[in-house]
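Chain by chain, the residues run as shown.
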Amino acid sequence: MNSFNLPNKNLHSPKDIIPRAFPGISQIEIEELIALSQVISYPATSILCREGSLETKFYILLEGKVEVTKTINNSEERKLKILEAGDFFGEMAIMHNAPRAASVTALSPVTVLEIEKENFDSVIQHSSTITIAMVREISRRLRENDEMAVEDLKMRANELAQAYQKLAEQELARREFITNVAHELRTPLMAAGGFLNQLQNKAISPEKLPDTINTVASNIHHITTLVNDILFLQEMELILPKFQPVNLTVITQEVANHFHDKATANHLSIYVQAEKNLPSVSGDSKSLQRGLSALVDNAIKFSPGGGQIDIRLRKEDNYVVIDVEDHGVGIEPENLSRVFDRFYRSESPGGKMFGGIGLGLAITNQVIKQHHGQLTVKSEMGSGSTFSMRLKAINVVF
Ligand code: ADP
């Protein structure tokens, strides 16, 4: 500690300051205190008391300001108060023979009256004024500590209640998810099982055999898709993919090619229009492809009248945007915000006929979230829907 014994010339005299610390103190007691102590100055940032240390000095602040701080919950440094000329500190250790309960740091150059414990003890033996002032101060600080502890407890209780609420919500979502999965698996499993039973019992005529096998295969395909989607969602939550520069135009073209036959079978054509020199994005091409595929698959599925699907790639501010626009059935305005929920499917009679599990958009949404992008939808009943994936551009032009 950098200290020096030459008091500042402008220093308030200890004789003037001591009565501020101990109102009613007699002249003799003041002189006795001064005789047994030292006037010492410290530069700013000096630590006069260190929390947890066994120190034996008592201080009366003559000039400057100090800050009292305390560590809460092993890490958080709490500012308790600022002391000025006439305030005293370090008295707790003197009364209790215990380590410092808080730290005291000089906020400016300070001058203090420093008294060693044994000297101070001899003064308070016969000074009731000093003793009363000390007891008053200690009980005030204890009350303050109590209030602070209660406040801390309230804060912790609040945090705990919030964490509990979050856990309860997660548990509910988990149960709902399991119920949905079980339900989704049961229907095709029971259907396939029923047909296999009939096959075993030779209850199916040879003419109906191809249809039955097709139905069993389609039920198994439904189960496989569901399991794959769930695994993909699960994996995305557990493993963060390595991001690399991705050319979205290439990915989009691949997805469009992949769906070409399915679109044609549904009397649809897919048009891809991409702005030239689009920047790349940072991402995982497999996940992005999967997310985009769900949008194109839906665009086909929900365009029962055939027609056209437009996929546009464009730059908007610092983003690359992919719009997938169909001219199909559209989405009811009240359901627009729900389409991204896991297992959500339109409940309208038409919705059922399109089939689907209700995980496609949840996957796209999760992929875009993982890429810190945005997924939005605009739709009009009977006119069609446009889903837009917005991903941050990086400075690589392909
Ligand atoms: P799935 O297509 O397997 O049912 P999704 O999560 O992909 O599940 O979609 C959820 C629901 O959102 C669909 O069942 C449908 O009601 C609605 N939806 C999604 N895309 C479209 C679209 N392009 N046009 C109309 N409705 C759509």
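Cut-offs used in this document
- Residues numbered from 1 in each chain as written.
- Predicted model: local features only at pLDDT ≥ 70, side-chain atom pairs only at ≥ 80, totals over all residues.
- Heavy atoms only, no water.
- Near = heavy atom within 4 Å.
- Polar contact = N/O pair within 3.5 Å; in protein donor to acceptor, adjacent residues only side chain to side chain.
- Areas by Shrake-Rupley, 256 points an atom, 1.4 Å probe, with all protein chains shown as cover.
- Helix = DSSP H or I, 4+ residues; strand = E, 2+ residues; numbered from the N terminus.
- Nonpolar A, V, L, I, M, F, W, Y, C, P; charged D, E, K, R; others polar.
- Expected span 1.5 Å × (residues − 1).
- Contact = heavy atoms within 4.5 Å.
- Pairing = 2+ DSSP bridges.
- Axes fitted to C-alpha atoms, helices over the stretch in contact; angles between N-to-C directions.
- Core = buried A, V, L, I, M, F, W, Y, C linked by side-chain atoms within 4.5 Å.
- Buried < 20%, exposed > 50% of the residue type's maximum accessible area, 1.4 Å probe, protein only.

A.B. asks: Mind laying out the site of the ligand, listing which residues take part and the relevant values?
C.D. replies: Residues in contact with the ligand amount to 20 residues; listed here are only the nearest, Asn298, Lys301, Asp326, Gly358 and Leu361. For the ligand, an oxygen atom lies 2.7 Å from a polar atom in the side chain of Asn298. At a separation of 2.8 Å, an oxygen atom of the ligand approaches a polar side-chain atom of Lys301. Its free accessible area being 530 Å², the ligand has 95% of it covered by the protein chains. Secondary-structure elements contributing two or more residues to the shell around the ligand are helix H9 (285-301), helix H11 (360-370) and strand S15 (384-397). Here the shell around the ligand is built from residues that sort into 9 nonpolar, 8 polar and 3 charged.

A.B. asks: Which residues make up helix H6 (residues 209-238), and what values go with them?
C.D. replies: Between its terminal C-alpha atoms H6 stretches 43 Å, which fits the 44 Å expected from 30 residues at 1.5 Å a residue. On its buried face, H6 is in contact with helix H5 (128-200), H9 and H11.

A.B. asks: So what about the sheet that holds strand S2 (residues 47-49)? Which residues, and what values?
C.D. replies: Ordered by their spatial adjacency, 4 strands build an open sheet running S2-S7-S4-S5, and the pairing between neighbours is antiparallel. Two strands bound the open sheet, and with one partner strand each, they are S2 and strand S5 (76-83). Mean inter-strand twist for the sheet, computed between neighbouring axes without regard to direction, equals 30 degrees. Across 4 bridges, strand S4 (residues 66-72) lies against strand S7 (residues 103-106) in antiparallel orientation. In the strand pairing of S7, Val66 is matched with Ala106. Contacts from H5 reach S4 and S5 within the one sheet, and its direction differs from that of S5 by about 150 degrees.

A.B. asks: Got a sec to walk through the nonpolar core? Specific residues and values, please.
C.D. replies: The tendency in soluble globular proteins is for nonpolar side chains to be buried side by side. The biggest cluster of nonpolar side chains holds 47 residues, and the ones touching the most others in it are Leu248, Ile270, Leu288, Leu292, Val296, Val324 and Met389. In terms of residue count, the dominant contributor to this core is H9 (6 residues). Those residues in contact with Ile270 that sit more than four places away from it in its chain are Ala256, Phe259, Ala263, Val296, Ile300, Ile309 and Ile311. Counting 22 residues, the second-largest nonpolar core is a separate cluster that includes Ile17, Leu62, Ile115 and Phe120.

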